[in-house]
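# Observations on the model geometry
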Amino acid sequence: MPNDAQSLMPMSTSPSMPATLETYYKTEFEQASNLRDYWNIIKKRKWWCLGVMLAIVATTLLVCLLMSPIFKVTTTIQIIQDNPSAIMGGTSSDPLGALTASSSIDRFYETQYSILKSPTILLRIMDTLNLKEHPSYKEMEQQYPKDPPWVIREKYAKYMYDNLTVEPTKNSFLVDVSYKSTDKNLAWKVTEVIPKEYLKLAMVAREQSYTTLREWLDKELVRLGRKLEDSEKTLYGHGQQQDFLSLEGSEENVVVRKYIEVSKLLTVAQAEKANKEAQYRQIKEKGADAPLITNHPLITQLRQSLIDLEASVSGQSKIFGSKFPEYSAITARMKDLRLRLAQEVRRLEASIKADFEAASRAEALLQQEYNLQKARVIDLQNLLVHHHVLKRDLQTNQTLYEGLLARMKEASVASTMVASNVSVITPAKEPYEPWIPKLLLFLALAGVIGSMFGVGTAFFVEYLDDSIKTTDEMEKICHIPSLGVIPLVSADSWKLPMITADSRKLPSTTTNPFELMAYNNPMSMMGEAIQHIRTSILLSASGSAPRVLMIASGGPAEGKTTVCLNLAAVLAGSDRRCVILDCDLRKPRIHQVLDQPLRPGLTNYLTGTAALEDIIRPTDIPNLYFIPAGPTPPNPNELFSSAVFENLLNHLRREYQNVIIDSPPIIGFADGRTISTFVDGVLFVVKHHFTTREIGRLAIQLLTQNHTRILGGILTMTRVGYGGYYGYYRDYQKYYGDAAKSGKGELSDESRPGRQ
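As the structure is a prediction and not an experimental result, all values here were calculated from the model.

### Some details on the overall build of the protein
- When you go through the protein residue by residue, the secondary structure sums to 29 helices and 12 strands.
- By residue count, 42% of the 756 residues in the protein fall in the buried class.
- Expressed as a percentage of contacts within the protein between residues at least 6 apart in sequence, the contacts between residues at least 24 apart total 79%.
- For the protein, the accessible surface area stands at approximately 41000 Å², while carbon and sulfur atoms represent 56% of it.

Okay, structure coming up:
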């Protein structure tokens with residue numbers, strides 16, 4: 001056969017498959033699904049969607065009609081946190097306030113919500129409303145006749161708990177309290193009583209807490225009073241034992257004051273000593289020329305007098321000479337002045353030395369006294385450590401005692417001023433209409449939910465359905481090109497407007513019109529489909545088209561016989577002779593459609609009991625011949641493996657333009673694989689929504705192992721307008737609709753499987 005024809009076998013397992021086609025099918029297989037694919041699934045499974053949705057809507061409607069109406073009443077109350085420590089003057093840093101106040105506002109409100117639904121509240125409501133006489137309570141007593149009364153009360157409280165709802169409003173102090181019941185009066189009364197019983201319970205609990213607090217305060221006051229008395233006795237006893245005159249502060253403490261005074265005197269003495277020592281060192285170093293001496297008034301006066309006398313003697317000596325009359329007196333006076341000046345200098349030096357020595361002795365004595373007082377202060381501090389501990393203990397006990405005494409007075413006052421922290425914002429009202437069921441709302445929700453479940457069911461059914469449903473799936477899974485699609489038509493679809501009932505019709509003995517509809521009604525949907533397949537086969541190769549064709553399928557009842565007969569009918573023409581070879585020796589059917597006897601047939605010829613002229617029979621279709629299967633042999637595959645069968649096909653290839661072979665299913669029987677080795681091409685038939693992917697893949701794999709040339713696949717029995725691939729058949733039907741309205745005929749929209 002030509003190479004171009006071989007290119008039509010894009011099978012991944014075939015060694016002769018071109019790389020371009022392999023890449024094409026691989027790319028197509030890896031393409032992602034789009035919205036149109038999902039929409040096609042929904043349209044295809046629309047009855048699943050509608051069925052599930054209607055079932056949910058019907059169930060919802062039935063439940064709404066059969067259920068007893070439930071009434072729901074809601075009241076809104078405001079709960080404000082009441083901090084007992086705030087009432088009693090406590091603060092966050094106060095230990096007593098920390099013991100009595102709530103440490104977390106969130107915890108406080110969660111506690112209140114739990115109290116609203118607590119068994120204590122519910123039992124108080126039962127007693128207030130006398131629900132023991134209510135029919136629902138009586139019914140519970142009849143339901144549990146052996147239980148004691150207190151068990152019945154708890155069970156009824158549990159029943160009320162299940163119907164009670166507490167919903168806080170976000171970012172507010174408001175709480176919605178709701179109660180549901182089939183008795184609207186009961187729902188109203190319970191909701192109306194809940195805030196009152198909650199307030200009563202809160203007031204009782206608060207009064208109990210104040211009573212407990214007062215008792216605790218009384219005991220603590222007695223205990224702390226005794227402890228305070230003991231602390232005072234211990235403190236004062238320690239002060240008397242250590243002979244502390246005053247220990248309140250440094251200003252009044254004798255030891256400390258004396259230490260401070262000595263410290264001050266020592267500082268002054270040290271400064272005085274330093275000053276005297278500096279003067280003494282200055283005189284000792286410079287002698288009479290020291291500034292302290294030269295600047296002394298008396299020394300200055302004496303020196304000035306001596307200078308004046310010396311000046312007078314010097315002046316008179318120049319005038320009168322050394323022997324003037326007053327010279328002796330002045331000289332004696334100068335001598336006295338010098339002697340006195342020397343005495344004053346010596347006296348001044350001795351005075352400064354004496355002052356220095358006195359300052360040194362005074363500083364030494366003060367230093368000694370300072371050290372003594374310092375030691376006494378240190379001893380005092382050591383004694384005061386324990387004294388201060390006792391004093392702090394006294395102050396602590398005194399503070400606690402005074403605080404408890406103040407709290408005791410405040411608690412006594414606050415216990416008589418219990419304020420309500422609960423107020424009703426929206427009172428409960430008698431319900432006018434039931435809370436549920438709300439028929440329209442429930443049906444709308446059921447419709448939405450049913451639609452979602454229906455779509456989900458459709459996709460789930462589609463997921464479970466592993467059959468081949470489109471030509472795309474057939475190409476991707478089987479890796480073969482699509483040659484055409486044969487629609488599923490109704491029994492009266494041959495009644496086309498331009499075809500009369502008697503034109504080109506086979507004898508009335510024909511059992512099923514579908515197998516030869518392409519001949520009887522060439523302008524029908526099936527006729528056009530077969531013509532499309534015929535064209536694909538004739539154009540499958542350049543030069544000459546394949547002549548010996550085998551119709552194969554993975555399993556039975558997939559339309560091989562219908563394809564074989566209709567294809568042979570359109571291939572046979574005025575200048576073309578075609579023969580049908582029924583090789584399905586296990587379950588032949590072609591002779592029934594053509595109203596021909598089964599014997600003699602192919603089996604008789606292959607076994608040598610009949611001649612070729614005896615088994616070839618003409619049909620009512622011009623240039624179409626038929627070879628029946630004949631009797632069923634014990635092992636048909638041996639007959640097809642013989643040289644006689646190969647010679648028969650070679651003879652038919654020379655005598656006829658086309659040889660159409662109807663074969664048994666590929667899976668389960670080896671006959672088809674054996675026959676495929678002698679033919680020019682195989683047409684693989686896939687039944688729409690019937691042939692599974694595994695069967696199609698396995699059948700192609702088995703044929704490929706024999707290096708069979710597979711021309712392509714044919715999708716049979718597809719519903720008109722099914723999915724997005726076959727809408728053109730619906731358009732074809734619409735094209736001839738105007739003529740059908742004139743009364744000449746019509747195309748039926750009904751679908752019924754044809755006989756193969």
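### Examining the pattern of salt bridges
- Per the counting criterion, the structure on display carries 14 salt bridges.
- Where Asp671 meets Arg586, a salt bridge forms, and the shortest distance between an N and an O atom there is 3.0 Å. With Asp671 in helix H26 (residues 671-676) and Arg586 in the loop between strand E7 (578-582) and helix H21 (590-593), this pair connects stretches of sequence that are 85 residues apart.
- With a relative accessible area of 0%, Asp671 lands in the buried category.
- For Arg697, the salt bridge goes to Glu694, with nearest N and O atoms at 3.2 Å. Of this pair, Arg697 and Glu694 both sit in helix H27 (residues 693-705), three residues apart, which is roughly one turn of that helix.

### Description of the state of the cysteines
- Applying the stated criterion across every chain yields a total of zero disulfides.
- Not part of a disulfide, Cys578 finds its nearest cysteine sulfur in Cys564, a span of 8.0 Å.

### Examining unusual backbone geometry
- A cis amide bond links Arg599 with the next residue in sequence, Pro600, at an omega value of -15°.
- Examined against the element boundaries, Pro600 turns out to sit in the loop between H21 and helix H22 (602-606).
- The phi angle at Met717 is positive, at roughly 55°, despite the residue not being glycine.

### Regarding the packing of helix H19 (residues 525-538) against helix H20 (residues 560-571)
- Where H19 meets H20, the axes come as close as 9 Å, and the angle between the chain directions of the two elements is 75°. On the basis of the axis angle, H19 is roughly perpendicular to H20. Facing H19, whose interface residues are Met526, Ile530, Gln531, Ile533, Arg534, Ile537 and Leu538, H20 presents Thr562, Asn566, Leu567, Val570 and Leu571.
- Of the residues in the contact of H19 with H20, the class split is eight nonpolar, three polar and one charged.

### Observations regarding the packing of aromatic side chains
- Enumeration according to the criterion identifies nine aromatic pairs in this entry.
- An aromatic cluster of at least three residues, connected via ring pairs, comprises Phe108, Tyr109, Tyr113 and Phe173.
- Taking the ring centre of Tyr144 as reference, the NZ or CZ of Lys155 above it sits at 3.6 Å.

### Some details on the pairing of strand E10 (residues 658-662)
- Of all five residues in E10, five are buried, a share of seventy percent or more.
- Here E10 shows a buried face lined by Asn658, Ile660 and Asp662 and a second buried face lined by Val659 and Ile661.
- Looking at chain direction, strand E6 (residues 548-553) and E10 are connected through four bridges and run parallel. Residue Val548 lies in a different strand from E10, and its bridge partner there is Val659.
- Of the strand pairs in this sheet, E7 and E10 are connected by five bridges, and their pairing is parallel. Looking at the pairing, Cys578 lines up with Asn658 of E10.

### Digging into a nonpolar patch on the surface
- A cluster of nonpolar side chains, Leu441, Leu445, Val448, Ile449, Met452 and Phe453, forms an exposed patch at the surface whose accessible area comes to about 580 Å².
- Note that Phe453 resides in helix H16 (residues 439-464).

### Digging into the nonpolar core
- The biggest cluster of nonpolar side chains holds 44 residues, and the ones touching the most others in it are Leu581, Leu602, Phe645 and Ile661.
- Sequence-distant contacts of Leu581, that is, excluding residues within four places in its chain, are made with Leu602, Ile627, Phe645, Leu649, Leu652, Ile660, Ile661 and Asp662.
- Membership of the second largest hydrophobic core comes to 35 residues, among which are Leu516, Met517, Leu624 and Ile714.

### Notes on helix H9 (residues 135-143)
- Every buried residue of H9 is accounted for by Ser136, Tyr137 and Met140. Buried residues of H9 fall within an arc of 100° about the axis and therefore sit on the same side. Residues of H9 that are exposed and angled more than 90 degrees away from the buried face: Pro135, Glu139 and Gln142.
- Those residues of H9 that are buried are in contact with helix H8 (119-129) and helix H10 (149-163).

### A short note on the environment of Thr674
- Mapped onto the secondary structure, Thr674 falls in helix H26.
- Of the residues examined, Thr674 reaches a relative accessible area of 15% and is grouped as buried.
- Those residues in contact with Thr674 that lie beyond four places of it in its chain are Asn637, Phe640 and Ser641.

### Brief notes about the sheet that holds strand E4 (residues 422-426)
- Read from one edge of the open sheet, four strands run E2-E3-E1-E4, paired in antiparallel fashion. In this open sheet, the two edge strands, each paired with only one partner strand, are strand E2 (164-168) and E4. Taken over all neighbouring pairs, the strand axes of this sheet differ in orientation by 30° on average, direction set aside.
- Here five bridges tie E2 to strand E3 (residues 174-181), and the two strands are oriented antiparallel to one another. Considered in E3, the bridge of Pro168 is made with Val175.
- Relative to the sheet, helix H7 (residues 105-116) contacts strand E1 (71-79), E2 and E3, its axis offset from that of E1 by approximately 145°.

Thresholds applied
- Residues numbered from 1 in each chain as written.
- Predicted model: local features only at pLDDT ≥ 70, side-chain atom pairs only at ≥ 80, totals over all residues.
- Heavy atoms only, no water.
- Helix = DSSP H or I, 4+ residues; strand = E, 2+ residues; numbered from the N terminus.
- Buried < 20%, exposed > 50% of the residue type's maximum accessible area, 1.4 Å probe, protein only.
- Contact = heavy atoms within 4.5 Å.
- Areas by Shrake-Rupley, 256 points an atom, 1.4 Å probe, with all protein chains shown as cover.
- Salt bridge = Lys/Arg side-chain N within 4 Å of Asp/Glu carboxyl O.
- Disulfide = S-S within 2.5 Å.
- Axes fitted to C-alpha atoms, helices over the stretch in contact; angles between N-to-C directions.
- Parallel < 35°, antiparallel > 145°, perpendicular 65-115°, else oblique.
- Nonpolar A, V, L, I, M, F, W, Y, C, P; charged D, E, K, R; others polar.
- Phe/Tyr/Trp six-rings, centres within 6.5 Å; stacked < 30°, edge-to-face > 60°.
- Lys NZ or Arg CZ within 6 Å of the ring centre and 35° of its normal.
- Pairing = 2+ DSSP bridges.
- Patch = residues over 30% accessible without salt bridge, like charges linked within 9 Å, V, L, I, M, F, W, Y side chains within 5 Å.
- Core = buried A, V, L, I, M, F, W, Y, C linked by side-chain atoms within 4.5 Å.
- Arc of directions from axis to C-beta.

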